[in-house]
Amino acid sequence: MSDTSALLKAGMALRTVMVLVMVVGCLGDQSCSLLGQTTLPVLSADGDFNIGGVFSIHSQPLFKVHSFTSIPEKTACISFNLREFQFAQTLIFALEEINNRSDLLPGLSLGYQVYDSCASVPLAIQSALALMNSPGIHDSLSEPSSCSSHPAVLGIVGESSSTPTIGILSVAGPFSMPVISHFATCDCLSNRKKYPSFFRTIPSDLYQSKALAKLVKHFGWTWVGVVNSNNDYGNNGMATFIESAHQEGVCVEYQEAIYRTDSKEKLLKTVRVMRRATARVVVLFVGLGDLIPLLNELAHEGDPGLQWVGSESWITARILAEKQSYGFLRGAVGFAIGNVKLDGLEGFLDSVHPSQDPDNALLREFWETVFQCSFKRSREENRGTLCTGAESLAGLKNQYNDVSDLRISSKVYTAVYAIAHSLHNIQTYLKNDSGRSNRSVPTYTPQQVLDYLREVRFTMKTGEEILFNGHGDTVARYELINWQQEADGTLNFHSVGLYDTSMPPEKTLIINQKKMVWAGGQAEVPVSVCSQSCPPGTRKAVQKGKHVCCYDCIPCAEGEISNITDSNVCYHCDLEYWSNEKRNLCVLKPVEFLSFEEIMGRVLVCFSLFGTGVTTLIAVVFFIHRDTPIVRANNSELSFLLLFSLTLCFLCSLTFIGRPSEWSCMLRHTAFGITFVLCISCVLGKTLVVLMAFRATLPGSNVMKMFGPPQQRFSVLAFTLIQVLICVIWLTISPPFPYKNMLHYKEKIILECNVGSPFGFWAVLGYIGLLALLCFVLAFLARKLPDNFNEAKFITFSMLIFCAVWITFIPAYVSSPGRFTVAVEIFAILASSFGLLFCIFAHKCFIILLRPERNTKKHVMGKTTNDIHVHY
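Heads up: these notes are all about the structure in this document.

Rules behind the numbers
- Counting from 1, residues in each chain are numbered in the order their sequence is written.
- In keeping with the model being predicted, local features are shown solely for residues with a pLDDT of at least 70 and side-chain atom pairs are shown and tallied solely at 80 or more, while totals for entire chains, interfaces and linings include all residues.
- Calculation of side-chain values draws on the structure's entire complement of heavy atoms; hydrogens and water are dropped beforehand.
- Between any two strands, pairing holds if DSSP finds at least two bridges.
- Helix and strand assignments follow DSSP, with helices taken as H or I runs no shorter than four residues and strands as E runs no shorter than two, numbered in order from the N terminus.
- Fitted lines through C-alpha atoms serve as axes, helices being fitted only where they are in contact, and the angles separating the N-to-C directions of these axes extend from 0 to 180 degrees.
- Two cysteine sulfur atoms form a disulfide, by the criterion used here, when they sit within 2.5 Å.
- With a 1.4 Å probe rolled over the protein chains alone, any residue whose accessible area is under 20% of its type maximum counts as buried; one over 50% counts as exposed, and the rest are partly exposed.
- Within 3.5 Å is the distance limit for a polar contact, defined as a pair of N or O atoms, with the added protein rule that one can donate a hydrogen and the other accept it, and that residues adjacent in sequence qualify only through two side-chain atoms.
- Throughout, a residue-residue contact means that at least one pair of heavy atoms, one from each residue, lies within 4.5 Å.
- Note on terminology: angles under 35 degrees are roughly parallel, angles over 145 are roughly antiparallel, angles of 65 to 115 are roughly perpendicular, and the others are oblique.
- A crossing counts as left-handed when the near helix is turned anticlockwise from the far one by less than a right angle, and as right-handed when that turn is clockwise.
- Basically, the charged four are Asp, Glu, Lys and Arg, the nonpolar ten are Ala, Val, Leu, Ile, Met, Phe, Trp, Tyr, Cys and Pro, and anything else, Gly included, counts as polar.

This next bit is on the sheet that holds strand β13 (residues 281-285). Read from one edge to the other, the open sheet built from eight strands follows the order β12-β11-β13-β14-β15-β18-β19-β20, with strand pairing classed as mixed. Looking along the sheet, the strands with just one partner apiece sit at the ends: β12 (251-258) and β20 (509-511). Between one strand axis and the next, the sheet turns through 30° on average, direction left out of account. Sheet analysis places strand β15 (residues 333-337) next to strand β18 (residues 477-485), joined by five bridges and oriented antiparallel. Bridge pairing in β18 places Ala-336 opposite Glu-479.

Right, let's talk about the state of the cysteines for a bit. Applying the stated criterion to the full structure yields nine disulfides. One disulfide bridge connects Cys-530 with Cys-550, the sulfur atoms lying 1.9 Å from each other. Here the S-S torsion is close to 105°, and the disulfide linking Cys-530 with Cys-550 is therefore right-handed. Here Cys-530 is found in the loop between β20 and β21 (538-542), whereas its partner Cys-550 is found in the loop between β21 and β22 (551-555), with 20 residues between them in sequence. When its relative accessible area of 29% is taken as the criterion, Cys-530 is described as partly exposed.

Bringing the side chain of Ser-176 into the picture now. Locating Ser-176 in the fold gives a position in the loop between α4 (162-172) and β9 (179-181). Residue class for Ser-176 comes out buried when judged on its relative accessible area of 18%. A distance of 2.7 Å separates polar atoms of two side chains, one belonging to Ser-176 and the other to Gln-447. Those residues in contact with Ser-176 that lie beyond four places of it in its chain are Ser-197, Pro-446, Gln-447 and Leu-450.

Two elements in contact, helix α14 (residues 599-624) and helix α22 (residues 819-850), have axes whose closest approach is 10 Å; the angle formed by their N-to-C orientations is 25°. Put simply, α14 runs roughly parallel to α22. When the axes of α14 and α22 are compared, the crossing they make is left-handed. Contacts between α14 and α22 involve Met-600, Leu-604, Phe-607, Ser-608, Phe-610, Gly-611, Val-614, Thr-615, Ile-618, Val-621 and Phe-622 on the former and, on the latter, Phe-820, Ala-823, Ile-826, Leu-830, Phe-834, Leu-837, Phe-841, Lys-844, Cys-845, Ile-848 and Leu-849. Of the residues belonging to the contact of α14 with α22, the class tally is 18 nonpolar, three polar and one charged.

Below you can see the structure in the form of structure tokens.
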């Protein structure tokens with residue numbers, strides 16, 4: 001169990017005991033008498049209406065172990081807190097200012113009763129009980145009073161911490177006593193069901209925690225350590241911060257909870273955790289009283305080299321900035337309430353003097369603390385300064401009279417004015433309702449003040465408009481404070497930004513980063529990350545078993561990109577796009593096709609033109625020697641037609657090169673099919689001529705008359721027309737078309753000709769193959785005819801090459817990728833064309849050009865065949 005919980009339980013027990021005392025003291029005649037010791041305020045002044053105040057004027061109570069055999073003595077307090085004493089004096093200053101005004105509560109005066117809680121939950125509860133049950137200041141404590149009498153105060157200002165404030169509300173809440181805190185920021189206090197009478201003039205930690213999370217994220221600190229006070233303020237505030245930080249993508253490496261009463265061993269453990277951690281930024285959501293012991297231990301071991309992010313409870317604490325051993329806090333940043341100037345407060349603070357109330361022990365202690373003197377020197381003391389009362393506060397500069405930083409004191413000032421305006425509104429309403437003016441002092445109840453506080457709305461002389469929302473909170477506005485070292489070595493608080501929840505989301509946080517100084521006086525923003533940022537082109541992959549902020553940077557796969565830093569995923573590019581080399585941009589995929597500009601295309605064009613040239617040259621030779629026997633043999637018309645068709649075959653390969661278009665796709669396949677059928681038809685005709693010629697040697701045979709030149713021409717035309725018909729049907733039903741093939745390659749687009757109808761494509765090839773097979777069979781049958789005359793063996797070789805090429809073409813065509821598919825088809829066209837050209841015409845050209853003596857009718861017909869009549 002934490003010390004806070006124990007103290008709170010002790011306070012609840014104390015409350016129960018005191019309530020029972022009051023109940024037992026209530027007699028049957030409805031009069032009450034005090035059965036125990038009364039708790040008197042440390043500062044008080046009576047007025048028509050009184051306001052209570054509870055402040056931690058001392059920082060530490062001296063609790064004693066009670067034997068329960070005698071009445072316990074009053075708890076003593078030590079460690080005078082000048083800052084809290086300034087809060088109390090600000091309350092008095094505000095009340096006197098209101099009393100001197102004629103427009104606010106005219107004809108009425110406000111008094112006060114200020115209690116010291118000593119930063120203790122039980123004493124805070126005791127102070128609340130005293131304010132709820134004590135009689136008026138000038139009333140007699142010995143005379144019985146009515147049990148139904150109203151409390152001495154109509155509202156309570158305080159406390160400075162959240163946990164003591166919760167203790168006060170546990171007593172005041174059930175009796176509808178309004179409590180307005182100037183410094184209790186725990187978001188838990190916004191719970192209207194538990195604390196319906198609570199208000200505050202300082203924003204809730206809900207806003208501060210979210211602001212701190214946004215601040216940490218703004219500077220890229222995704223890996224931080226956190227330390228919080230082990231009380232309601234620290235635990236609730238840090239829980240909200242961690243939740244908000246996770247939403248912002250910030251991870252917490254460690255969390256430590258500390259309290260002012262922790263042992264040295266526990267504080268050293270926290271220091272070791274902070275120094276050994278890899279996080280270089282530490283968020284301190286710690287109350288000032290809890291932070292000082294931790295800072296003392298850190299100072300003993302030297303500058304930890306950490307960047308501090310603080311909450312409003314300590315980020316503007318002058319006592320920390322003035323201590324040289326805390327120099328490692330230089331560069332600290334955090335949010336604080338906006339600073340204001342209260343005219344007249346400085347003079348009022350300097351005017352405080354023990355002579356104002358000689359019997360007030362608190363004023364004498366304050367004087368002794370400030371001037372380090374004593375009004376009474378004991379006999380045992382031989383040293384020390386005697387207080388004369390002639391000392392002047394005006395010549396001093398300390399936490400008490402430093403009015404350069406009134407961030408929290410101004411909230412005390414505002415709280416007093418909120419109660420005063422509520423009382424003024426009640427007075428105005430009742431006066432208007434009754435329609436008459438009554439000079440007697442009216443009687444108001446805390447319930448009335450509570451009701452009017454919920455609706456109060458006024459503007460301070462500083463220009464700030466004050467109103468409370470449904471949770472008792474005001475609008476959250478913070479200044480971003482940066483601790484900077486001046487030329488003389490002192491640390492000062494510089495405002496470098498603003499956080500305003502009333503602004504649009506994009507303008508909520510405004511930071512002037514150029515004016516900021518960081519830990520160690522550095523000008524560059526510190527880096528605090530578990531893993532370095534992943535650049536564009538990579539994605540984050542969380543390391544197994546670690547925080548989401550600890551990750552590896554994985555390069556995006558091919559076809560994926562990330563164009564932002566610290567991307568969690570890589571995004572696929574569209575179908576026509578591909579990732580660049582850095583994987584940070586989608587670029588258009590290169591479109592690939594067999595072009596005239598590339599080497600392969602140029603080589604194939606050269607072979608095509610070479611074949612065309614050779615065929616043309618052979619045709620010229622044949623034309624020149626057209627009357628020679630070797631040319632006239634086997635029908636010279638078929639030879640010239642075959643050479644023409646071969647020329648077309650060579651040229652049609654050019655249609656396969658270049659960017660495919662709708663017309664080129666239809667042309668390349670139809671031209672290829674028709675020209676090759678024309679070529680094979682001519683070869684088939686020449687084969688039939690050879691066979692018919694030998695059939696003509698038989699007695700009485702007129703075969704050559706039946707298959708003369710007209711029939712040969714008709715057969716070639718008929719065979720070719722069948723292919724033309726097939727192509728027409730193909731082009732009519734489903735013609736070839738350009739197609740972007742994005743499936744074969746991921747990184748590029750293959751622009752190719754889709755055959756449209758596979759049936760049409762394979763019908764064209766099948767018909768060519770059928771004619772080639774028929775020609776091969778016929779030529780094979782005529783292979784043993786006399787050598788000198790027989791052309792069939794050359795046709796056999798040519799058909800053998802042709803068939804081998806196209807049989808090999810089928811698997812190569814199917815398996816070849818991209819533009820190689822087209823190259824394979826062109827190669828098959830050129831190879832088969834060259835095979836036909838050289839096998840059928842090479843030997844003839846050899847005889848015509850190099851062996852002209854063999855180009856005779858005698859040699860062509862042969863010696864053993866003198867009786868054979870060959871038709872020329």
